[in-house]
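Notes for the structure review
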Amino acid sequence: QTFIDNNESDRAPVILATGSDSMVVMRSVQISGNVETGLVNSTLMFGSMSVFDMNFVTVTGNTSDRVIELINNSSLAVSNSIWWEPAMELVVGDESSGTASACMNASDDSSLSADTRDPEFEIIVQNGQTPIYALADTSPNVDACAGVAMKGMDLSVDALGESRFV
């Protein structure tokens, strides 16, 4: 798993993609603990015909006005992901940009097609490392996307490399 965390800026998002036909692909990523203030105030920003493709991405614990800002014919496709940011807008876009989502759980369903149930995170911290937002055994998201194609992911182990099965 990849972690994009604990970044802070008052002038730029954590990730910025711009330029004709630019593309960002994320698989099995946790985006957490990032702080964006000032001019941009978006955790992620995509513009000028860029494409953003997310699968198995957890977004939580960030501080900004919005998770993603799409401008100038940008597009977002997201699936099998949890975006839990109750104090933030999830996606803001101009009229030329578009979004598509499948098998999502989010704090708000106004900008994405998503279930809006509490994911029941269990926060795991080992040896002072980045907190891992794991699902508690009681989470309604455990196996919620079992029927959705997993695109070659090894689901037998968790982010720590430990077996998911007892």
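Refer to the structure presented above.
These lines cover the structure that appears in this document, whether it is placed above or below.

**Concerning the pattern of salt bridges**
Close approach of charged atoms lets side chains of opposite charge pair. Per the counting criterion, the structure on display carries three salt bridges. Across the pair Arg-27 and Asp-53 runs a salt bridge whose closest N-O atoms are separated by 2.9 Å. Note that Arg-27 is positioned in strand E4 (residues 23-32) and Asp-53 in strand E7 (residues 51-60), a separation of 26 residues in sequence. Arg-66 is the salt-bridge partner of Glu-69, the closest N and O atoms lying 3.5 Å from each other. Glu-69 sits in the buried class, given a relative accessible area of 18%.

**Concerning the nonpolar core**
Residues Met-26, Met-54, Ile-68, Leu-76 and Trp-83 are the most contacted members of the largest nonpolar core, which totals 26 residues. Discounting chain neighbours no more than four positions away, the residues touching Met-54 are Met-26, Arg-27, Ile-31, Val-59, Ile-68, Leu-76, Ala-77, Val-78, Ser-79, Ser-81 and Trp-83.

**Overview of the sheet that holds strand E8 (residues 66-70)**
Taken in spatial order, the four strands of this open sheet run E3-E6-E8-E10, and their pairing is parallel. Across the chains shown, the open sheet's two edge strands, defined by having one partner strand only, are strand E3 (15-18) and strand E10 (89-93). Averaged over all adjacent pairs, the angle separating strand axes in this sheet is 10 degrees, with direction ignored. Relative to E8, strand E6 (residues 42-47) runs parallel, the two being bridged by four bridges. Across the sheet, Leu-44 pairs through a bridge with Ile-68, a residue of E8.

Reading the values: rules and limits
Counting restarts for each chain, with residues numbered from 1 along the sequence as it is written. In keeping with the predicted nature of the model, local features appear solely for residues at pLDDT of at least 70, side-chain atom pairs appear and are counted solely at 80 or more, and the whole-chain, interface and lining totals rest on all residues. Calculation of side-chain values draws on the structure's entire complement of heavy atoms; hydrogens and water are dropped beforehand. By salt bridge we mean one thing: a side-chain nitrogen of Lys or Arg within 4 Å of a carboxyl oxygen of Asp or Glu. In this text, helices come from DSSP runs of H or I with a minimum length of four residues, and strands from runs of E with a minimum of two, each type numbered from the N-terminal end. A 1.4 Å probe rolled over the protein chains alone gives each residue an accessible area, and that area as a share of the maximum for its type sets the label: buried under 20%, exposed over 50%, partly exposed in between. Residues belong to one nonpolar core when they are buried, are Ala, Val, Leu, Ile, Met, Phe, Trp, Tyr or Cys, and are joined through side-chain atoms within 4.5 Å. Contacts are assigned to residue pairs with any non-hydrogen atoms lying within 4.5 Å of each other. A pair of strands is considered paired only if DSSP assigns at least 2 bridges between the two. Lines fitted to the C-alpha atoms define the axes, with helices restricted to the stretch that makes contact. Angles between their N-to-C directions range from 0 to 180 degrees.

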